[in-house]
Amino acid sequence: MFRLQRFFSSTSLVFILVTAVLLGFFYRYLSIELLLHDGENKNVATTQVLANSLWPQIAPLLVEARPVAVDADTELLHRRVAQLIEGLQVVKIKIYRPSGMTVFSTDAAQIGEDQSDNSAVALARQGAVSNAFVERDHFNNFDQRVEHLDLLQTYLPLFVPGSGKIVGVFEVYSDYTPTLSRIARVQGVLMAGIGLILLLLYAALLLLVRHAETIISRQQVQLHRHVEELKKTQFQLESRVAE
């Protein structure tokens, strides 16, 4: 005999767990998408401020014929950048020539690196902005080493102030470690809350199913009794006919 209660209890528990997990990850997906959009807007605004404020120091570094080195100009630019982004989420700035050569970085050790094969740099040279969240076990932040960060990495075109001419590429890192930690905590609470609500609904439905199964069992007993009575009546009628 088909056991409705057993079938309902086993399948419903699976659906509850799957639903809670899927909704939790859907929340995380939406939150990350909103963060990416918000972070991109912030980094675009930050680089515009940097380009407008520091163009006299940035422009000479973009000349392809100029040797790339850590000199007095890059050290001055380093100090100015540090002043402008103080108190912001930005933890690192890099500037590339159109060729992909790194001409400035707040991590001075990276100046002179060739990123010509970096697809994100190539896209930024064409005017596109690309974002991605990256995890770093260690990270050099203005010559200071920090550990375990969740960062938003953004590549943006560098425009000549007041024009639409692209003359280089910005790479910006913003610290979203606290924000992503909060999202993870909320995701856990959300999954637990949804799971609890669904379990309460499951308990209520289980009571209904149990009650329905009791009624069905009672009706089956009554049906069986009626069938037996009909068989007995039929036997008696057939016996009379035979006489």
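Residues numbered from 1 in each chain as written. Predicted model: local features only at pLDDT ≥ 70, side-chain atom pairs only at ≥ 80, totals over all residues. Heavy atoms only, no water.

Participant: I'd like a rundown of the pairing of strand β5 (residues 166–175), residues and numbers included.
Facilitator: Two faces make up the sheet, and in a regular strand the side chains alternate between them. Taken across its ten residues, β5 has eight buried, putting it largely inside the fold. The sheet contact formed by strand β1 (residues 90–96) and β5 spans six bridges and is antiparallel. Across the sheet, K94 pairs through a bridge with E171, a residue of β5. (Buried < 20%, exposed > 50% of the residue type's maximum accessible area, 1.4 Å probe, protein only. Helix = DSSP H or I, 4+ residues; strand = E, 2+ residues; numbered from the N terminus. Pairing = 2+ DSSP bridges.)

Participant: Lay out the layout of surface pockets with the relevant residues and their values.
Facilitator: Quantified by volume, the largest pocket comes out at close to 190 Å³. In this structure, the largest pocket is lined by 16 residues; those nearest its centre are V44, T47, Q48, P157 and F159. Every element with two or more residues in the lining of the largest pocket is listed here: α1 (4–58) and β4 (144–159). Looking at the lining of the largest pocket, the element that brings in the most residues is α1, giving five residues. Along the lines of polarity and charge, the residues of the lining of the largest pocket split into ten nonpolar, six polar and no charged. (1 Å grid on protein atoms, 1.4 Å probe; cavity = no way out; pocket = protein on both sides within 12 Å on 5 of 7 lines; lining within 4 Å. Points joined across faces, edges and corners; volume = space filled by probe spheres on them. Nonpolar A, V, L, I, M, F, W, Y, C, P; charged D, E, K, R; others polar.)

Participant: Can you tell me about the pairing of β1, naming the residues and giving the values?
Facilitator: Across the seven residues that make up β1, a large majority, seven, are buried. Pairing geometry for β1 and strand β2 (residues 102–105), over three bridges, is antiparallel. Across the sheet, the residue bridging to Y96 is T102, located in β2. The hairpin formed by β1 and β2 contains five residues between the paired strands, and G100 there has a positive phi angle of roughly 100°.

Participant: With reference to specific residues and values, describe empty space enclosed by the protein.
Facilitator: The gaps of empty space that remain are located by a probe, the size of a water molecule, rolled over the atoms. Evaluated as defined, the whole model comprises one cavity of 30 Å³ or more. Looking at the largest cavity, its volume works out to about 60 Å³. Lining the largest cavity, in full, are L61, R66, P67, V68, A69, D71, T74, R97, V103 and I111. Classifying every residue of the lining of the largest cavity by side-chain character gives six nonpolar, one polar and three charged.

Participant: Let's hear about the pattern of salt bridges: which residues, and what values?
Facilitator: A complete count under the given rule lists four salt bridges for this structure. In this structure, the salt-bridge partner of R66 is D71, at a minimum N-O distance of 3.3 Å. Note on D71: relative accessible area 26%, which makes it partly exposed. Put simply, E171 and K94 hold a salt bridge, and the shortest N to O gap is 3.7 Å. (Salt bridge = Lys/Arg side-chain N within 4 Å of Asp/Glu carboxyl O.)

Participant: Which residues make up the nonpolar core, and what values go with them?
Facilitator: Core analysis: the largest hydrophobic core is formed by 19 residues, its most contacted members being I58, L77, I93, I95, L158 and F170. Elements with a contribution of two residues or more to this core: α1, α2 (72–84), β1, β2, β4 and β5. Residue contributions to this core peak at four residues, all from α1. Of all hydrophobic cores here, the second largest spans seven residues; its members include I32, L35, L36 and I183. (Core = buried A, V, L, I, M, F, W, Y, C linked by side-chain atoms within 4.5 Å.)

Participant: I'd like to hear about a nonpolar patch on the surface, residue by residue, with values.
Facilitator: Together, V14, V18 and L22 line one region of the surface with nonpolar side chains, adding up to about 270 Å² of accessible area. For L22, the location among the structural elements is in helix α1. (Patch = residues over 30% accessible without salt bridge, like charges linked within 9 Å, V, L, I, M, F, W, Y side chains within 5 Å. Areas by Shrake-Rupley, 256 points an atom, 1.4 Å probe, with all protein chains shown as cover.)

Participant: How would you explain the packing of aromatic side chains if you had to name every residue and give the values?
Facilitator: How two aromatic rings sit relative to each other is set out by the distance from centre to centre and by the angle between their planes. A complete count under the given rule lists one aromatic pair for this structure. Consider the rings of F133 and Y176, whose centres lie 5.8 Å apart with planes at 80°: the pair is edge-to-face. Of this pair, F133 sits in strand β3 (residues 130–141) while Y176 sits in the loop between β5 and α4 (177–242), placing them 43 residues apart in sequence. For F133, a relative accessible area of 25% gives the class partly exposed. (Phe/Tyr/Trp six-rings, centres within 6.5 Å; stacked < 30°, edge-to-face > 60°.)

Participant: Describe in detail the environment of I16, supporting the description with residues and values.
Facilitator: Residue placement: I16 occurs in helix α1. You can call I16 buried: its relative accessible area is 9%. Separated by 183 residues in sequence, I16 and L199 place their C-alpha atoms 7.2 Å apart. In this structure, I16 is in contact with G195, L198, L199 and Y202, ignoring residues within four places of it in sequence. (Contact = heavy atoms within 4.5 Å.)

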